[in-house]
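This is what each chain is made of:
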Amino acid sequence: MTKDTPSGDHDRIKSVGVSLDIVTTLAQGPARTITELANELDRSPSNVLAHLRTLQERDFVVEEENQYRPGLRYYEIGTSVRETYPLFVYGTDPADDLAADTGEFVWLMVKERGRGYYVYKSAGNAAVESGAYTTGSRWPLNASASGKVLLAHMDDVEIEAVLDTHGLEQVTPNTIT
């Protein structure tokens, strides 16, 4: 279980949690065999295989040469979700204008459950790519300029909730905590 997982499982479906653990594990590295996944997750190979087959039927997992990886179905869903956010719907044109005017990068970030997600990037003609951020990436709010802007516009109760859940995470040696 990750620290983002709520405690108490009286109203949870454990098998969904197992499937999500499998998907999360696959997303964090190279493709894996059933045995590698079973060992990493401390589950039986038959249990992992049953989950993988279900995920595979729905295009959430792809098998190639006896190894499994996440399928691009997640990209399709993520794109659909992103396109419903009001900041994305109404913010991309102004972001493009600002990037053109300044010559720099303009990022749009939304917050969800105390984290920041980059949903859009626009590059001006003088923008220098750092490679630190990617569209769709999730960041601690204290670890990026965009996240700090979001924190600055939260009330004390919201800030305390973020700090209680996530603390001040150090992403690089220069992250202010």
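The structure contained in this document is the topic of the report that follows. (Residues numbered from 1 in each chain as written. Predicted model: local features only at pLDDT ≥ 70, side-chain atom pairs only at ≥ 80, totals over all residues. Heavy atoms only, no water.)

1. Focus on the pattern of salt bridges
Item 1. For the structure shown, the criterion picks out eight salt bridges.
Item 2. A salt bridge links E40 to R32; the nearest nitrogen and oxygen atoms lie 2.9 Å apart.
Item 3. Classification of E40 by relative accessible area gives partly exposed; the value is 46%.
Item 4. Between R73 and E76 there is a salt bridge; the shortest N-O distance is 3.1 Å. Of the two residues, R73 and E76 both sit in helix 4 (residues 73-82), three residues apart, roughly one turn of that helix.
Item 5. What makes E76 partly exposed here is its relative accessible area of 47%. (Salt bridge = Lys/Arg side-chain N within 4 Å of Asp/Glu carboxyl O. Buried < 20%, exposed > 50% of the residue type's maximum accessible area, 1.4 Å probe, protein only. Helix = DSSP H or I, 4+ residues; strand = E, 2+ residues; numbered from the N terminus.)

2. Brief notes about the nonpolar core
Item 1. Within the largest apolar cluster, 13 residues are counted, with the highest numbers of intra-cluster contacts made by I22, L26, V48 and L52.
Item 2. Of all the secondary-structure elements, those providing two or more residues to this core are helix 1 (14-27), helix 2 (34-41) and helix 3 (45-57).
Item 3. Here this core takes four residues from helix 1, the largest share from any one element.
Item 4. With residues up to four places along the chain from it excluded, the contact list for V48 reads I22, I34, L37, A38 and R43.
Item 5. Within the second largest apolar cluster, 10 residues are counted, among which are Y118, A143, L150 and L151. (Core = buried A, V, L, I, M, F, W, Y, C linked by side-chain atoms within 4.5 Å. Contact = heavy atoms within 4.5 Å.)

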